[in-house]
Amino acid sequence: MSRIKRAVSLYSYQDSYARKRMNLEDMFKEMKDLGAEGVELISDQMIKNSPFPTQESIDNWKNLCSKYDIKGVCNSMFINSTLYRNRRLTAKEQTKLFIDEINCAADLGFDLIRLVSQTLPDVVEPALDIAIKRNVKIGMEIHAGQSFDQPMTEQYCEMMKRVQSPYIGLVFDAGIVCKKHPNVSAEYFLAQGLSPEVRDYIDAIFATGTDFHRYVQKNLGTTEYGKRTKERLPKEAQALIKNPIDLEYMYFAESYENTPFEELDEYMPYLMHIHGKCYEMTEDYEETSIKYKEFIEYLNQHDYDGYIATEYEGNRFVQIDKEVNDKEQVRRHQMMLKKYLGE
Amino acid sequence: MFDNYVFTKDSCRNFTENGKIAGFEMETLITYYRGIPLSMVNEVRITVDGLPVPAEFIKISADNEQWFTLEEMETVTFYKWEYGEPLHIRAYIEDGLRKGEHDVNLFVSIWPAYYPMPAGGTRTRKVTIA
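Residues numbered from 1 in each chain as written. Chains lettered and ligands numbered in written order. Predicted model: local features only at pLDDT ≥ 70, side-chain atom pairs only at ≥ 80, totals over all residues. Heavy atoms only, no water.

A. How the structure looks around the overall build of chain A. Counting its regular elements, chain A contains 15 helices and eight strands. The dimensions of chain A, computed from C-alpha atoms along their principal axes, are 55 × 45 × 45 Å. A buried classification covers 59% of the 343 residues belonging to chain A. Taking contacts inside chain A between residues at least 6 apart in sequence as the whole, the part at least 24 apart equals 79%. For chain A, the accessible surface area stands at approximately 14,000 Å², while carbon and sulfur atoms represent 49% of it. (Helix = DSSP H or I, 4+ residues; strand = E, 2+ residues; numbered from the N terminus. Buried < 20%, exposed > 50% of the residue type's maximum accessible area, 1.4 Å probe, protein only. Contact = heavy atoms within 4.5 Å. Areas by Shrake-Rupley, 256 points an atom, 1.4 Å probe, with all protein chains shown as cover.)

B. Focus on the pairing of strand S8 (residues 307-312) of chain A. All names here are of chain A. Burial within S8 is extensive, with six of its six residues counted as buried. Residues of S8 alternate between two faces, with Tyr307, Ala309 and Glu311 on one and Ile308, Thr310 and Tyr312 on the opposite face, all of them buried. Here strand S1 (residues 5-9) pairs with S8 via four bridges, running parallel. Each residue of the ladder has a partner; that of Lys5, found in S8, is Tyr307. Where strand S7 (residues 271-278) and S8 come together, five bridges link them in parallel fashion. Bridging across to S8, Lys277 finds its partner in Glu311. (Pairing = 2+ DSSP bridges.)

C. Fine view of the pattern of salt bridges. The tally for this structure, following the rule as stated, stands at 36 salt bridges over all chains. With a shortest N-O distance of 2.8 Å, Arg123 of chain B and Asp321 of chain A are connected by a salt bridge. With Arg123 of chain B in strand S11 (residues 119-129) and Asp321 of chain A in the loop between S8 and helix H15 (326-341), this residue pair bridges two chains. Among the residues examined, Asp321 of chain A registers a relative accessible area of 56% and is labelled exposed. Arg332 of chain A serves as the salt-bridge partner of Glu328 of chain A, at 2.9 Å between the closest nitrogen and oxygen. Of this pair, Glu328 of chain A and Arg332 of chain A both sit in helix H15, four residues apart, roughly one helical turn. Relative accessible area serves as the criterion here: at 15%, Arg332 of chain A is assigned to the buried category. (Salt bridge = Lys/Arg side-chain N within 4 Å of Asp/Glu carboxyl O.)

D. Quick look at the interface of chain A and chain B. Taken together, the contact pairs 39 residues of chain A with 31 residues of chain B. Around 3,200 Å² of area is buried between chain A and chain B when both sides are counted, 51% of it from carbon and sulfur atoms. When the buried surface of chain A facing chain B is broken down by residue, Thr82, Arg85 and Arg316 of chain A rank first, second and third, together holding 20% of it. Counting across the chain A and chain B interface gives six salt bridges. In this structure, Glu85 of chain B engages Lys20 of chain A in a salt bridge whose closest nitrogen and oxygen atoms are separated by 3.4 Å. Along the contact surface separating chain A from chain B lie 18 residue pairs in polar contact (both at pLDDT 80 or more). Listed by contribution, the elements that provide at least two residues to the side of chain A that touches chain B are helix H1 (14-18), helix H3 (43-46), helix H9 (183-191) and helix H13 (244-253) of chain A. Looking at the side of chain A that touches chain B element by element, the count peaks at four residues for H1 of chain A. (Buried area = accessible area lost by both parts, 1.4 Å probe. Polar contact = N/O pair within 3.5 Å; in protein donor to acceptor, adjacent residues only side chain to side chain.)

E. View of the confidence of the model for chain B. Predicted confidence across chain B gives a mean pLDDT of 95, with 100% of residues reaching 70 or more. Both confidence scores are given for the complex: pTM 0.95, ipTM 0.95. (pLDDT = per-residue confidence, 0-100.)

F. Highlighting the side chain of Glu82 of chain B. Along the chain, Glu82 of chain B falls in the loop between strand S8 (80-81) and strand S9 (87-91). One buried charged side chain, Glu82 of chain B, makes no salt bridge at all; its nearest oppositely charged neighbour is Lys80 of chain B, positioned 4.3 Å away. (Lys, Arg positive; Asp, Glu negative; His and termini not counted.)

G. The arrangement of the environment of Val104 of chain B in detail. All names here are of chain B. Tracing the backbone shows Val104 in strand S10 (residues 100-110). Taking the relative accessible area as the measure of exposure, Val104 reaches 0% and is therefore buried. Residues Val104 and Asn42, spaced 62 residues apart in sequence, show a C-alpha to C-alpha distance of 20 Å. Leave out the neighbours within four places in its chain, and Val104 touches Phe7, Cys12, Phe24, Met26, Ile46, Thr47, Leu97, Arg123, Thr124, Arg125 and Val127.

H. Here's a closer look at the sheet that holds strand S5 (residues 137-142) of chain A. Residues and elements named next belong to chain A. With parallel pairing, the eight strands of this closed barrel are ordered in space as S1-S2-S3-S4-S5-S6-S7-S8. Averaged over all pairs of adjacent strands, the angle between strand axes in this sheet comes to 30°, irrespective of strand direction. Relative to strand S4 (residues 112-115), strand S3 (residues 71-77) runs parallel, the two sharing three bridges. Bridge pairing links Asn75 to Ile113 in S4. The sheet strands contacting helix H8 (residues 151-163) are S4, S5 and strand S6 (168-173), and the helix crosses S6 at an angle near 140°. Where H15 meets the sheet, it contacts S1, S7 and S8, and its direction lies at approximately 150° from that of S8. (Axes fitted to C-alpha atoms, helices over the stretch in contact; angles between N-to-C directions.)

I. Examining the packing of helix H2 (residues 24-34) of chain A against helix H4 (residues 55-67) of chain A more closely. All names here are of chain A. Contact pair H2 / H4: the axes reach a minimum separation of 10 Å and the direction vectors enclose 20°. Our classification of the angle between H2 and H4 gives roughly parallel. In this structure, the crossing between H2 and H4 has a hand that is right-handed. Contacts from Leu24, Glu25 and Phe28 of H2 reach H4 at Asn60, Trp61, Leu64, Cys65 and Lys67. Partitioning the contact of H2 with H4 into residue classes produces five nonpolar, one polar and two charged. (Parallel < 35°, antiparallel > 145°, perpendicular 65-115°, else oblique. Left-handed = near helix turned anticlockwise from the far one by under 90°. Nonpolar A, V, L, I, M, F, W, Y, C, P; charged D, E, K, R; others polar.)

J. Helix H10 (residues 196-207) of chain A, seen in detail. Residue and element names in this part refer to chain A. The end-to-end C-alpha separation of H10 is 16 Å, in line with the 16 Å expected for twelve residues at 1.5 Å each. All buried positions along H10 are accounted for by Val198, Tyr201, Ile202, Ile205 and Phe206. Taken end-on, H10 shows its buried residues confined to a sector of 135°, consistent with a single buried face. Two residues or fewer after H10 comes Gly209, characterised by a positive phi angle close to 95°. (Expected span 1.5 Å × (residues − 1). Arc of directions from axis to C-beta.)

K. Representation of the sheet that holds S9 of chain B in the model. Residue and element names in this part refer to chain B. In spatial order, the strands read S1-S2-S9-S6-S7; together these five strands make up an open sheet with antiparallel pairing. Edge positions in the sheet fall to strand S1 (13-17) and strand S7 (68-69), since each of these pairs with one other strand and no more. Bridge analysis of S1 against strand S2 (residues 20-28) gives five bridges, and the strand direction is antiparallel. Its bridge partner being in S2, Arg13 is matched across the sheet by Glu25.

If you want it as structure tokens, here you go:
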């Protein structure tokens, strides 16, 4: 029997929320129906004026958690380092914004925040005392394409290993254990003019048991986030690019990683939470591109006892004016988790 | 990837100020998945029947009360464009859109903190002015 618990990230319902198909309470009703024990929030998405919400908004959120007996397990936050046009915020300025987020999360009843990838340790460490005081743990997201090999992630992990605080750890996004590029992404880009040869090229690389990100790195070197130009792609990849969509597709293709499970071993002691990413859930409750069965087996072997929060992201790849069926996709993902968790 | 959220259907119409048509307006949802201060909006571009509206003729508002030019927008850090709420956009074109059918295109992009590029979307709609 697994010790892993199920949660839903409200990120999954963003289209329903934006188009007023579901309000916060509708989502809680749905999660209750699914038997989820936890909920993840992006306060910037569904709590007005975050990180300074009104007391009324805070009370409303906490009341929903207690009414439906669903625990707020993680708040996903951001630091608006691009607030000004003429410069990035300094580390000290970012720390100030980060502290506002810690306080906001604590006020909303969370004891964990998801720190966005690419946040410098110099921003995080000075806020640690306040995080401890407010009992809010900090977990930086390990997201495919911005994962362990990226300089800013490496710097954070170095700090995490040096400080050894139970308040500093990691959040894994399941997109780091993909076995293929999601079909829904390929279909979306094909409709925009993607050359089928580019799709086939990426698929063939995944079929060898690796991913495009690792393939590029092995063949050429820099895959640093934000520096992924056409020129540093392998020659045969460059030759396939016929239009801007082809290049864009190759860029996004690095956002799906097939990380060997043993590479996760050294980070397992720091794991606080998991984003159960899904792009496409089939009618028989399978995710078409992520190795969930193996991933959950791995987590069980390592006695992970936290939450997996369903994070549906196939919404990005729905064709124009087609309905996003986020509610059903989340339901299927929760059913899949039930199956693999042995519930 | 955010084209679906740009330029809310049926939101484009002429508006009046001081009893006179002062231009046309439209609404859009954000091309991102969370709310941000207005200073993080990167670009707002409008074309009508293929002709661009000059940037200095455009104003935006998150609350439909306080309006900012695109230049002013860069310093608006107090007010957020909330997720799921419309941004109101006005183009100050004397007498507004003429009677008849127009192809109106809106392009919006924002500058999220941790993306290497702006997140944008675009949409053209047929707009009929009676």
